[in-house]
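As a plain string of letters, each chain reads:
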Amino acid sequence: AASLLRSGKLKRFGFVSTNSIRQTFNRRVLQEHMKAADPISILFAIPDHPWVDSIDGAAVRIAMTSVASGTSDGRLLEVVSESDGAHGVAAVTFRERTGNIQADLSIGADVAGAVPLRANGGISCPGVKLHGAGFIVTPEEAIHLGLGTVPGLERHIRGYRNGRDLASQPRGVMVIDLLGLTEPEVRNRFPAVYQWLIERVKPERDQNKRSTYRENWWIHGEPRSSFRPTLHGMSRYIATVETSKHRYFQFLDALILPDNKIICIALDDAYDLGVLSSRFHVSWAIASGSHLGVGNDPVYVKTRCFEAFPFPDASLEQMAAIRDIAEQLDAHRKARQTQHPELTITGMYNVLQMLLEGATLTEKDRQIHEKGLVAVLREIHDELDRLVAAAYGWPVDISNDDILARLVNLNTERAREEAAGRILWVRPEFQAASRGAEQQSLDVLKPASGKSSAAGPVAKLEWPVELPAQVAAVRAALVSAGAPVTAEEVARLFTRVRSAKVTPILDTLVAMGQARLTPGGRYSHG
């Protein structure tokens, strides 16, 4: 429709659509035309409206839009209240605003136009997608399969969490995770696990249309093998439920494998947890992400919510203060749930929202308030917001609209700085080193002296300083070897390194599916 409008074949057009038209991927279509040399403009929009279907009562939310060529302000009607009206039609009250309507059907800061920052790249990912419920086992079933008695199985049966586990209480289930093992290796090393999966997973996978899912039936459909190296050496990482009524972040133990409905952020510093948990990031995430279902629950789209978000350039003192209060936040919620297993994070934040709005608590709400010590939770969040505001250099009582406007401006500024070569890496020890590791893996066959002699032994290679570069160098050595090699043989290729240092890296590559361990104790490229 926008193309027809810009070509002169239409004067204007209007849509009644589901409200997903304003979500991340859909709004990109309109955004391209709105930023063109001959732009179009949204003249009228209702971004989110109840839909009543008297025939089948479809439970959806809709958007209404009207678009014309040129640059014009528009009328935006936002629903502020709704109730059941006559004949099943919702009675709706609107708030009207006038201004430049963005592609996400909002007026104000162009959050939809923010760009991903290199500083935040490569450290966030959804969890694994199993494609087979048979991978999930109870602790009792795991013991029956050999956990605790079969050597090595502890590396392949792990704790497991999905979104509901994070929002309420963990179910206590585990997951079989065989990434890095071939089918014969699974059958020979873990025959009980092999039989479990061949009976409970393979029949389902055999019906899958994607050949890789059918052929690799013992491995998760989306095992996130390329993301797993980002968690190497970490004891914990930050997680948030992809779709949730409230946006909150928490630490998960690195041994826990997350479901694909959890967004994983490979950061273990409580400072980062604090910034993400502040209202500055939460406001940004709600505005830049998507919304799902009748309840319009916010969806955390990592490319928009995390990768485009500009972190503050905080001082060491500011970082230390935010780090301390964020540790308190994570510990407080977990301690209350440990003491009261029936308590959910969703329940605590429901009551917190009621306190902020001055709503009257029911008896059930008061019980949650007491068990969750929600007044304490509120104080922690208030202190966190004060500290993060100071790190940005902004007033603590700044409005949400001003927060978004300033973050959009900061995103633009950071993108300009990155183009000039200044990158404020969120996790510099990993991201900056990984950048160098890419070149290291390409140049790994170059000797330390820069020279080699056909008449004598080839000079040894420089052993990289940073861990990501070491991983890349070992992987490249396996590729160039052409045949299975021992850890000692790999170590001999480099200066100042012993096999004891190389072996854990080789084992990690095996676990990630990027190398294989032969029965003779030799390693080959995966």
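Look a little higher up for the structure.
The rules behind the values
Residues numbered from 1 in each chain as written. Predicted model: local features only at pLDDT ≥ 70, side-chain atom pairs only at ≥ 80, totals over all residues. Heavy atoms only, no water. Pairing = 2+ DSSP bridges. Helix = DSSP H or I, 4+ residues; strand = E, 2+ residues; numbered from the N terminus. Axes fitted to C-alpha atoms, helices over the stretch in contact; angles between N-to-C directions. Buried < 20%, exposed > 50% of the residue type's maximum accessible area, 1.4 Å probe, protein only. Contact = heavy atoms within 4.5 Å. Lys, Arg positive; Asp, Glu negative; His and termini not counted. Salt bridge = Lys/Arg side-chain N within 4 Å of Asp/Glu carboxyl O. Polar contact = N/O pair within 3.5 Å; in protein donor to acceptor, adjacent residues only side chain to side chain.

**Topic: the sheet that holds strand β6 (residues 124-126)**
Here we have 4 strands laid out as an open sheet, ordered β6-β13-β10-β11, and antiparallel in their pairing. In this open sheet, the two strands that pair with only one neighbour each are β6 and β11 (250-253). Mean inter-strand twist for the sheet, computed between neighbouring axes without regard to direction, equals 35 degrees. In this structure, strand β10 (residues 236-241) lies alongside strand β13 (residues 262-265), joined through 4 bridges in antiparallel fashion. Counterpart to Thr240 in the pairing with β13 is Ile263.

**Remarks on the environment of Arg161**
You can see Arg161 is positioned in strand β8 (residues 157-161). The buried category is assigned to Arg161, whose relative accessible area is 18%. Setting aside residues no more than four positions away along its own chain, Arg161 makes contact with Leu166, Pro170, Ile256, Leu257, Pro258, Asp259 and Ile262.

**As for the environment of Asp402**
Here Asp402 lies in helix α16 (residues 400-419). Taking the C-alpha atoms as reference points, Asp402 and Glu379, 23 residues apart in sequence, are found 23 Å from one another.

**Looking at the side chain of Arg205**
Among the structural elements, Arg205 can be located in helix α7 (residues 202-206). Buried charge without a salt bridge: Arg205, with Glu204 as the nearest opposite-charge side chain at an N-O distance of 6.2 Å. Polar contacts involving the side chain of Arg205 include one to the main-chain carbonyl oxygen of Tyr213, which spans 2.9 Å.

**Things to note about the sheet that holds strand β5 (residues 90-99)**
With respect to topology, 5 strands assemble into an open sheet ordered β1-β3-β2-β4-β5, the strand pairing being mixed. Each edge of the open sheet carries a strand with a single partner, namely β1 (12-18) and β5. Geometrically, the sheet is characterised by an average inter-axis angle of 15 degrees between neighbouring strands, direction not taken into account. Across 10 bridges, the pairing between strand β4 (residues 74-84) and β5 is antiparallel. Residue pairing across strands places Gly74 opposite Gly99, the latter belonging to β5.

**Notes on the pairing of β13**
Neither face of β13 is open: one carries Ile262 and Cys264, the other Ile263 and Ile265, and all of them are buried. Examined bridge by bridge, β6 and β13 share 3 bridges and lie antiparallel to one another. Along β13, the bridge assignment pairs Ser124 with Ile265.

**Remarks on the pattern of salt bridges**
Counted under the stated rule, the structure contains 27 salt bridges. Here Arg171 ties to Asp165 by a salt bridge, and the two come within 3.0 Å at their closest N and O atoms. The buried category is assigned to Asp165, whose relative accessible area is 3%. Taking the shortest distance from any N to any O, the salt bridge between Glu489 and Arg522 comes out at 3.0 Å. Separated by 33 residues along the polypeptide, Glu489 in helix α19 (residues 487-491) and Arg522 in the loop between β16 (515-517) and β17 (523-525) bring together distant segments of the chain. On the basis of relative accessible area, Glu489 is assigned to the partly exposed category, the value being 28%.

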